[in-house]
Amino acid sequence: MKIIHISDIHLTIPGEPMGGLNPHARFAKALADVAENHSDATRIIITGDLTHWGEIEAYEALKQAISDVDVPVRLLLGNHDNRGNFLAVFPDHPVDANGYVNHAETIDGVRYIYLDTVGDQTHAGHFGADRIEWLASQLAGCTRARLFLHHNPMPIGLPAEDQIALVDQDQPAFHALLSEYADRIEYFHFGHVHAPIHGIFLGVPFASVPSTGNQSYPDLSEQTWLKGGAMEPAYFVLTIHGDNTLIHQIPFAWEGELGQYGTQWEDWAKEDAAP
Ligand SMILES: [Fe+2]
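Residue positions are given per chain, counting from 1 as you read along its sequence in written order. Residues qualify for local features only when their pLDDT is at least 70, as the model is predicted, and side-chain atom pairs are given and counted only at 80 or more; totals for whole chains, interfaces and linings, by contrast, use all residues. Calculated side-chain values reflect all of the structure's heavy atoms, with hydrogen atoms and water omitted.

1. Concerning the overall build of the chain
Here's step 1: In this description a helix means any DSSP run of H or I spanning at least four residues, a strand means any run of E spanning at least two, and both kinds are numbered starting from the N terminus. When helices and strands are tallied, the chain shows six helices and 13 strands.
Here's step 2: Atoms counted for the radius of gyration: C-alpha only. Globule rule: 2.2 Å times the number of residues to the power 0.38. A globule of 275 residues ought to have a C-alpha radius of gyration of about 19 Å, and the chain, at 19 Å, matches this closely.
Here's step 3: For every residue, the accessible area (1.4 Å probe, protein chains only) is compared with the maximum for its type, and the residue is labelled buried under 20%, exposed over 50%, or partly exposed between those bounds. When burial is assessed residue by residue, the chain has 52% of its 275 residues classed as buried.
Here's step 4: We call two residues in contact whenever any of their non-hydrogen atoms come within 4.5 Å of each other. The contacts in the chain between residues at least 6 apart in sequence include a share of 66% that link residues at least 24 apart.
Here's step 5: Total accessible area computed for the chain in this model is approximately 13,400 Å², and 52% of it derives from carbon and sulfur atoms.
Here's step 6: Asp and Glu are treated as the negative residues and Lys and Arg as the positive ones, with His and the ends of the chain left uncounted. Think of each charge as sitting on NZ of Lys, CZ of Arg, CG of Asp or CD of Glu. Here the chain contributes 14 positive and 37 negative side-chain charges, whose respective centroids are spaced 4 Å apart. Computed with the Shrake-Rupley method and a 1.4 Å probe, the accessible areas treat only the protein chains shown as cover for residues.

2. Some details on the UniProt feature "domain: Calcineurin-like phosphoesterase" (unreviewed entry) in the chain
Here's step 1: UniProt positions are given in the numbering used here, feature names are shortened, and annotations may be inferred rather than shown by experiment. Listed under "domain: Calcineurin-like phosphoesterase" (unreviewed entry) in the UniProt record, and renumbered for this structure, are residues 1-196.
Here's step 2: The distance separating the terminal C-alpha atoms of residues 1-196 is 21 Å; by composition the span is 30% helix and 18% strand.

3. Observations regarding the nonpolar core
Here's step 1: In these notes, a set of buried Ala, Val, Leu, Ile, Met, Phe, Trp, Tyr and Cys residues joined through side-chain atoms within 4.5 Å is what counts as a nonpolar core. With 29 residues, the main nonpolar core has I6, F27, I44, I46, L62, L75 and Y235 as its most contacted residues.
Here's step 2: Elements supplying a minimum of two residues to this core: β1 (2-6), α1 (23-37), β2 (43-47), α2 (56-65), β3 (73-76), α3 (83-89) and β12 (235-241).
Here's step 3: In terms of residue count, α1 provides more of this core than any other element does, four residues in total.
Here's step 4: With residues up to four places along the chain from it excluded, the contact list for I44 reads I4, I6, L31, V34, V69, V71, P72, V73 and R74.

4. Things to note about the coordination of the iron ion
Around a metal, the ideal angle is 109.5 degrees if four donors adopt a tetrahedral arrangement and 90 or 180 degrees if six donors adopt an octahedral arrangement.
Here's step 1: For the iron ion, the protein coordination sphere consists of D8 (OD), H10 (NE2), D49 (OD) and H194 (NE2), at 2.1 to 2.2 Å.
Here's step 2: Coordination at the iron ion is irregular: its four donor atoms span angles of 86 to 174 degrees at the metal.
Here's step 3: Here the coordinating atoms are restricted to nitrogen, oxygen and sulfur within 2.8 Å of the metal centre, or 3.2 Å for Na, K and Ca, and because water is not among them the sites may look incomplete. Sequence positions of the donors to the iron ion reduce to the motif D-x1-H-x38-D-x144-H. Neither D8 nor H10 differs from the other in exposure class; each is buried. Angle rules define the geometry names used: all angles between 85 and 135 degrees makes four donors tetrahedral, while opposite donors over 155 degrees apart and all other angles between 65 and 115 make four donors square planar and six octahedral, leaving every other case irregular.

5. Digging into empty space enclosed by the protein
Here's step 1: A pocket here means an open set of points on a 1 Å grid, computed over the protein atoms alone, that has protein on both sides within 12 Å along at least five of seven lines. A cavity is instead a set of points where a 1.4 Å probe fits but cannot get out; residues with an atom within 4 Å of a point line either one. Grid points are joined across faces, edges and corners, and a volume is the space filled by probe spheres set on the points. What the rule picks out here adds up to one cavity of 30 Å³ or more.
Here's step 2: L158, A160, E161, Y217, P218, D219, E222, W225, L226 and K227 are the residues that line the largest cavity.
Here's step 3: Tallied by class, residues from the lining of the largest cavity come to six nonpolar, no polar and four charged. Note that Gly is not counted as nonpolar here; it falls among the polar residues with everything else outside the nonpolar set of Ala, Val, Leu, Ile, Met, Phe, Trp, Tyr, Cys and Pro and the charged set of Asp, Glu, Lys and Arg.

6. Some remarks on the packing of aromatic side chains
Here's step 1: Paired rings are identified among Phe, Tyr and Trp, the last through its six-membered ring, by centres lying within 6.5 Å, and are further divided according to the angle between planes into stacked (under 30 degrees), edge-to-face (over 60) and tilted (the rest). All told, the structure shown has nine aromatic pairs when counted by the stated rule.
Here's step 2: For the pair Y112 and F148, a centre-to-centre distance of 5.9 Å together with 20 degrees between the ring planes defines the contact as stacked. Of this pair, Y112 sits in strand β5 (residues 110-114) while F148 sits in strand β6 (residues 145-149), and the two are 36 residues apart along the sequence. The two residues Y112 and F148 agree in class, both being buried.
Here's step 3: Seen from their ring centres, F188 and F190 are 6.0 Å apart, and the 25 degrees between their planes marks the pair as stacked.
Here's step 4: On the accessibility criterion, F190 (0% relative accessible area) is buried.

7. Some words on helix α4 (residues 129-140)
Here's step 1: The length a helix should cover is 1.5 Å for every residue beyond the first. For α4, built from twelve residues, the straight-helix expectation of 16 Å at 1.5 Å per residue is met to within 8% by its first-to-last C-alpha distance of 16 Å.
Here's step 2: Those residues of α4 that fall on the buried side of the exposure criterion are R131, I132, W134, L135, Q138 and L139. The arc that holds every buried residue of α4, seen down its axis, measures 160 degrees, which confines them to one face. Exposed residues lying more than 90 degrees from the buried face of α4 are A129 and E133. Note: the arc covers the axis-to-C-beta directions of the helix.

Laid out in structure tokens, this is it:
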């Protein structure tokens, strides 16, 4: 089974650039690449920063962009989103009892849990007691789970980025759930950092996906400034079979030529070698 993980599309009011790029064109290109090469995917999951500044017009552009996508799309919010405006444009979107855009579904016996880690007008993530209670009930009620969220819920070794991770006061309860249910959480996937970072935290594998727009440079010592530029964008293809997960990073915007190389693997010889 394939799951497409896209993040940080940062749609604007159409016509407005974002970081010198056209985010609508980039997102359309990513969707076109998925349609061409991965139409057999089970879901497209977009882990937040759906828009750059949360305007109604930007969400309407998103709604239009995914209206003819054949693969079911799941939407999460990020720190650049506006929950009220999102729900105004997607009024039928599921929310939890407290109005957060927390939702979940079961696919092939695995609970796919989509989290809302957004706080009011802050770039840091929030996941307080009411949201923890919702997540705990989801985890308690399943035997296998896979989490998707926008913010990294723990430090990722990038001091500047870590200032806008899940806030310190909300990390312990989240980590306690990861630890308690490490044997049933297959993976957690996030965006936010605009960079591919992979590892294992509290026994649970995790992966963050690049943005479809600008990327951040993973600076392991910078304390204050987030650094980034127009490096190669990508989305992920998660191929999941039982307990096994493969993650391929797809550089969908590459417009250079691709070489083709033979598969005569036994022919180990340098071509046109000098005499
Ligand atoms: Fe972002």
